[in-house]
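Spelled out, the chains give:
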Amino acid sequence: MLCTTRLLQNFPHTRTFAASSVSHRNRAVVYRKNGDPSEVLSLLTFPDLPPPPPNTANVRFRLSPINPADINVIEGVYPAKPVPFDLLSQDAPLYVGGNEGLAEVVQVGEGVRELRKGDWVVMTKPQMGTWTSARNVDVRNVLKIPSDLGEAQAATLTVHDVPKVNPPTAYNMLHDFVKLEKGDWVVQNGANSAVGQAVIQIAAAKGWKTLNFIRDREDVESLTGYLKDLGATQVATYNQLSDKGFKDQIKTWTGGRSIRLGLNCVGGRATTMMARLLGQDAHLVSYGAMSKEPLSLPTSLFIFKNLTCHGFWQTLWYNRKSRQERERLMENLVGLMRHGKVRVTDMSTFEGSSCALLAPWPRTRDTGDRRQRGGRGEDI
Ligand SMILES: NC(=O)c1ccc[n+]([C@@H]2O[C@H](COP(=O)([O-])OP(=O)(O)OC[C@H]3O[C@@H](n4cnc5c(N)ncnc54)[C@H](OP(=O)(O)O)[C@@H]3O)[C@@H](O)[C@H]2O)c1
């Protein structure tokens, strides 16, 4: 996950919405058709918003993350579709990128009781378009959140779809498939992803142990140290996983305790190998396909170990749950964040930026490119 501050500052294709001598303070990263983000995205400037109509609010975005799924939405390969930007009438629909973000209420329309100027809100409707400085929102589509959380935590809590997505995805995958007991083990790949880091932290807070797989890299020790600081019990690479003797190492780590939950972020061979570590009646939950390789699992795992496989999509979770259940999820996450159990790192530590993000770890060399293309391939 990245954040949009730099994107808005450095975007190459700047277009002005209306020709005028008035300087427009608002900017948005927009597109009209799906395609390669580097080709279809442009920067739009637009005038101050008119006063909000009844039951709506004008909000100013403080921080809007960029997630792999946002890229897939722009490419047109993601199941959730964006809401058109209705600021000014257009010949063809115009879309603003971004699903997750933290906004501050600037002005409320007639009849709005639940919000006032200065409140922090996140979007509760998916794909509303958050890579913009300002927009007008229906108050039913936003949720007020505590402003003592910190911008980065708040920005990644958006309640409905993917961006409010990473900590909620981690939380739900850890709770919905297996009833884990204290001391139980969870194994995951893509452990340094934003979701993976949230898994590590939430599991540690609950007293569950994590076995975390990452790609090999030059600075593997420092990444291992970073993940252990977050609460990872053990960290290893996919290369180590290919080594036959490594199973014995894992038995030593787990004390022979059966691993009942596996979380799959990457697909492909890394997941085939990881699935072999799962014990009797275990559950394998797939939520990402970062390698863009299909998932292939030995039939013996189903026959002899009664393996159960699931897919998980946070959007579907939100669609199927009541408002109360969504709010409970939010309360649980806010509680963990308030108690410092789920940490957010300031991006400035890594890139000299003033904004924050949850997964700041530098990527392996070939990943930067893949990130631009997003993580959901043809195979899912
Ligand atoms: N189903 C859901 O509801 C849901 C919710 C949130 C996210 N997701 C999905 O979860 C995935 C991770 O999202 P995120 O925001 O946490 O991502 P992120 O922070 O950008 O992390 C991406 C992860 O993918 C790894 N990766 C990238 N290319 C890879 C490759 N070719 N082979 C193996 N690993 C590779 C990266 O490892 P390196 O550091 O080694 O590059 C890193 O661990 C995405 O596919 C996203 O769409 C799904």
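Conventions used here
For every chain, the first residue of the written sequence is number 1, and numbering continues from 1 onward in sequence order. Confidence filtering applies because this is a predicted model: local features only for residues at pLDDT of at least 70, side-chain atom pairs given and counted only at 80 or more, and all residues used for totals across whole chains, interfaces and linings. Helix and strand definitions follow DSSP, with helices as H or I runs of at least four residues and strands as E runs of at least two, each counted in order from the N terminus. We call two residues in contact whenever the C-beta atoms placed from their backbones are within 7 Å. Axis definition: a line fitted to C-alpha atoms, limited for helices to the stretch in contact. Angles are taken between N-to-C directions and run from 0 to 180 degrees. Should an angle fall under 35 degrees it is called roughly parallel, over 145 degrees roughly antiparallel, and 65 to 115 degrees roughly perpendicular, with every other angle called oblique. Residues are sorted three ways: Asp, Glu, Lys and Arg are charged, Ala, Val, Leu, Ile, Met, Phe, Trp, Tyr, Cys and Pro are nonpolar, and all the rest, Gly among them, are polar. If DSSP finds at least two bridges between two strands, the strands pair. Comment: burial labels come from other C-beta atoms within 10 Å of the residue's own C-beta, placed from the backbone, where a count of 20 or more is buried, 12 or fewer is exposed, and between is partly exposed. For this analysis, nonpolar core means a set of buried Ala, Val, Leu, Ile, Met, Phe, Trp, Tyr and Cys residues linked through C-beta atoms within 7 Å. pLDDT measures the predictor's confidence residue by residue and takes values from 0 up to 100. Should the near helix be turned anticlockwise from the far one by less than a right angle, the crossing is termed left-handed; should it be turned clockwise, right-handed.

1. Section: the overall build of the protein chain
- The number of helices and strands found in the protein chain is 15 helices and 19 strands.
- Considering only contacts in the protein chain between residues 6 or more positions apart, those separated by 24 or more positions represent 71%.

2. Describing the packing of helix H5 (residues 166-176) against helix H13 (residues 323-338)
- Where H5 meets H13, the axes come as close as 11 Å, and the angle between the chain directions of the two elements is 100°. Taken together, the axes of H5 and H13 lie roughly perpendicular to each other. Across the interface between the two elements, Pro-167, Pro-168 and Tyr-171 of H5 pack against Leu-329, Asn-332 and Leu-333 of H13.
- Grouping the constituent residues of the contact of H5 with H13 by class yields 5 nonpolar, 1 polar and no charged.

3. Here's the deal with the sheet that holds strand E9 (residues 120-123)
- Ordered by their spatial adjacency, 5 strands build an open sheet running E10-E5-E8-E9-E11, and the pairing between neighbours is antiparallel. Of all strands in the sheet, those bounded by a partner on one side alone are strand E10 (134-138) and strand E11 (142-145). Averaged over all adjacent pairs, the angle separating strand axes in this sheet is 45°, with direction ignored.
- Strand direction decides the pairing type here: strand E5 (residues 56-63) and strand E8 (residues 102-108), joined by 6 bridges, are antiparallel. Each bridged residue has a counterpart across the sheet, and for Arg-60 the counterpart in E8 is Glu-104.

4. Let's talk about the sheet that holds strand E13 (residues 209-214)
- Pairing in this open sheet of 6 strands is parallel, and the strands run E14-E13-E12-E15-E16-E17 from one edge to the other. At either end of the open sheet lies a strand with only one pairing partner, and these are strand E14 (234-237) and strand E17 (308-311). Going across the sheet, the axis of each strand differs from the next one's by a mean of 20°, ignoring polarity.
- Of the pairings in the sheet, the one linking strand E12 (residues 185-188) to strand E15 (residues 259-264) comprises 4 bridges and is parallel in character. Among the inter-strand pairings, Gln-188 is bridged to a residue of E15, identified as Leu-263.
- Each of E12, E13, E15 and strand E16 (283-286) touches helix H10 (residues 268-275); the most contacted strand, E15, lies at about 175° to it.

5. Overview of unusual backbone geometry
- For Asn-55, which is not glycine, the phi dihedral falls at a positive 65°.
- For Lys-292, which is not a glycine, the phi torsion comes out positive at approximately 60°.
- Of note, Lys-292 is situated in the loop between E16 and helix H11 (299-305).
- Residue classification places Lys-292 among the partly exposed residues on the basis of 17 C-beta atoms within 10 Å.

6. Side note on H5
- Summarising burial for H5: 8 of the 11 residues are buried, a large majority.
- In the core, the buried residues of H5 are packed alongside E12, helix H6 (194-206), E15, E16, helix H12 (314-320) and H13.

7. What to know about the nonpolar core
- In terms of nonpolar packing, the biggest core is built from 49 residues, with Ala-170, Leu-174, Val-186, Val-199, Ile-202 and Leu-263 touching the most fellow members.
- Top contributing element to this core by residue count: H6, with 7 residues.
- When residues no more than four places from it in sequence are discounted, the contact partners of Val-186 are Leu-174, Ala-203, Trp-208, Thr-210, Leu-261 and Leu-263.
- Counting residues in hydrophobic clusters, the runner-up holds 21 residues, among them Phe-61, Val-122, Ala-154 and Ala-155.

8. Digging into the pairing of strand E3 (residues 26-31)
- Within E3, 5 of the 6 residues are buried, which leaves the element mostly enclosed by the surrounding structure.
- Sheet analysis places E3 next to strand E4 (residues 42-46), joined by 5 bridges and oriented antiparallel. Across the sheet, the residue bridging to Asn-26 is Phe-46, located in E4.
- Pairing between E3 and strand E7 (residues 95-96): 2 bridges, direction antiparallel.

9. Here's the deal with the confidence of the model for the protein chain
- Mean pLDDT over the protein chain: 82, with 79% of residues reaching 70 or higher.
- Ignoring residues within four places in sequence, the model shows residues 158-163, a span with pLDDT below 50, making 35 contacts including any to other chains.
- When the criterion is pLDDT under 50, residues 346-380 qualifies, and its contacts beyond four places in sequence or with other chains add up to 72 contacts.

10. Topic: the environment of Asn-166
- Relative to the helices and strands, Asn-166 resides in helix H5.
- Put simply, Asn-166 and Val-195 are 29 residues apart on the chain and 4.8 Å apart in space, counted from C-alpha to C-alpha.

11. Brief notes about the packing of H5 against H6
- In the contact formed by H5 and H6, the axes pass within 8 Å of each other and the chain directions differ by 50°. The angle between H5 and H6 falls in the class oblique. Between H5 and H6 the crossing geometry is right-handed. Judged by residue contacts, Asn-166, Pro-167, Thr-169, Ala-170, Tyr-171 and Leu-174 of H5 engage Ala-194, Val-195, Ala-198, Val-199, Ile-202 and Ala-203 from H6.
- When grouped by side-chain class, the residues that make up the contact of H5 with H6 number 10 nonpolar, 2 polar and no charged.

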